[in-house]
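# Structural features, examined
The chain contents come next:
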Amino acid sequence: MRSGGIAFAPPPNGSAVRAPLLVCERPEAALPRWASAWCDQARLGIFRHPTLPSPAAQSCPGGAGEWALVMSDVCTTTAAGGTVLINRPSRREPGPPRVVAAVQEVPGDQTVLLDAAACAEALPAELELVHCVPISFGERSVGLDAAVDRGRAVLEECLRSLGELGHRMRASARLVRANPHELVNEELDADLLVIGGSRVGPSRELGLVAVSAVRHAPCPVLVVPRRPVPKG
């Protein structure tokens, strides 16, 4: 779907209308202007849910229960085809705005790609696509070359898709040798991180990347539903 040069991800569950954006935030948080602009352009409703624990809850003995509720919201919402914004401040140094999207496969992460691009245009910001090849592959491991080639192919296909859709933002791609969840740390240079959540369907499982990002990313996180695994 095109609108003013911006392509929005279709509902991955095949429905005609996307569910409202669920915003998990602290009670005093303000909704970012780019989020309002993106939702207006995508005709996406917003449901604000002040359930995000305070930073002190990261290491507090009682904080695990608070985070479990947030994780449940993310799992349930994305498995049903909805999208979740973890609305926290960005601790990034001043500079041109950046959106980072973690893509692992296509077409499973199509929603990650298209929503990241639409948000980057709403900010406006540069977009960086990142694919991780786990460090469990040693330098002489059998399968390393295939994993690297696959990662490059995924990134090339994503960039090609953005070009075909006419996106105007500056986009780049980066292949990283790291365990995917290790990208989500204090060194993440992003104003927004876009990742895949649960696959649409009954499983309601979040990957380690999503769990780490929701709890520890030093910036807002947009968690989008992933396409279900084809049957057969």
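In case you missed it, the structure is sitting above this.
## Looking at the environment of Ser90
Mapped onto the elements, Ser90 comes out in the loop between strand 5 (84-87) and strand 6 (98-102). Look at Ser90 and you get partly exposed, because its relative accessible area is 30%. Between the C-alpha atom of Ser90 and that of Pro218, which follows or precedes it by 128 residues, the distance is 5.9 Å. Every residue in contact with Ser90, bar those within four places of it in the chain, is listed here: Ala190, Asp191, Pro218, Cys219 and Pro220.

## Re the nonpolar core
Among the nonpolar cores identified, the biggest contains 32 residues, and Trp38, Leu85, Leu127, Leu129, Val194 and Leu222 are the most heavily contacted of them. Contributing elements (two or more residues each) for this core: strand 3 (21-25), helix 1 (33-42), strand 6, helix 3 (110-122), strand 7 (126-133), helix 4 (144-164), strand 9 (192-199) and strand 10 (221-226). Looking at this core, the element that brings in the most residues is helix 3, giving 8 residues. Counting 30 residues, the second largest nonpolar core, distinct from the first, contains Cys24, Cys132, Ala190 and Cys219.

## What about the packing of helix 1 against helix 3?
The angle between the axes and the distance between the axes are what describe a pair of packed helices. Remark: helix 1 packs on helix 3, axes separated minimally by 9 Å, with the N-to-C direction vectors making an angle of 120°. By the angle between their axes, helix 1 is oblique relative to helix 3. Our pair here, helix 1 against helix 3, has a crossing hand that is right-handed. Within the contact between the two elements, helix 1 uses Trp34, Ala37, Trp38 and Gln41 and helix 3 uses Asp115, Ala118, Cys119 and Ala122. Residue composition of the contact of helix 1 with helix 3, grouped by class: 6 nonpolar, 1 polar and 1 charged.

The rules behind each value
Per chain, residues are indexed from 1 in the order of the written sequence. At least 70 in pLDDT is required for a residue's local features to be given in this predicted model, at least 80 for side-chain atom pairs to be given and counted, and no such filter applies to totals for whole chains, interfaces and linings, which use all residues. The basis for every side-chain value is the complete set of heavy atoms in the structure, and neither hydrogens nor water enter the calculation. Helix numbers and strand numbers start at the N terminus; a helix is a DSSP run of H or I with at least 4 residues, a strand a run of E with at least 2. Think of it in three bands: residues with accessible area under 20% of the maximum for their type are buried, residues over 50% are exposed, and the middle band is partly exposed, with areas taken using a 1.4 Å probe on protein chains only. Contacts were defined at the residue level, with two residues in contact if any of their heavy atoms lie within 4.5 Å. What is meant by a nonpolar core is a set of buried Ala, Val, Leu, Ile, Met, Phe, Trp, Tyr and Cys residues, joined one to another through side-chain atoms within 4.5 Å. For helices, the fitted axis covers only the stretch in contact; all axes are lines through C-alpha atoms, and the angles between them, taken along N-to-C directions, range from 0 to 180 degrees. Working rule for angles: under 35 degrees goes down as roughly parallel, over 145 as roughly antiparallel, 65 to 115 as roughly perpendicular, anything else as oblique. Here a crossing is called left-handed whenever its near helix is offset anticlockwise from the far helix by less than a right angle, and right-handed whenever the offset is clockwise. Nonpolar residues are Ala, Val, Leu, Ile, Met, Phe, Trp, Tyr, Cys and Pro. Charged residues are Asp, Glu, Lys and Arg, and all others, Gly as well, are polar.

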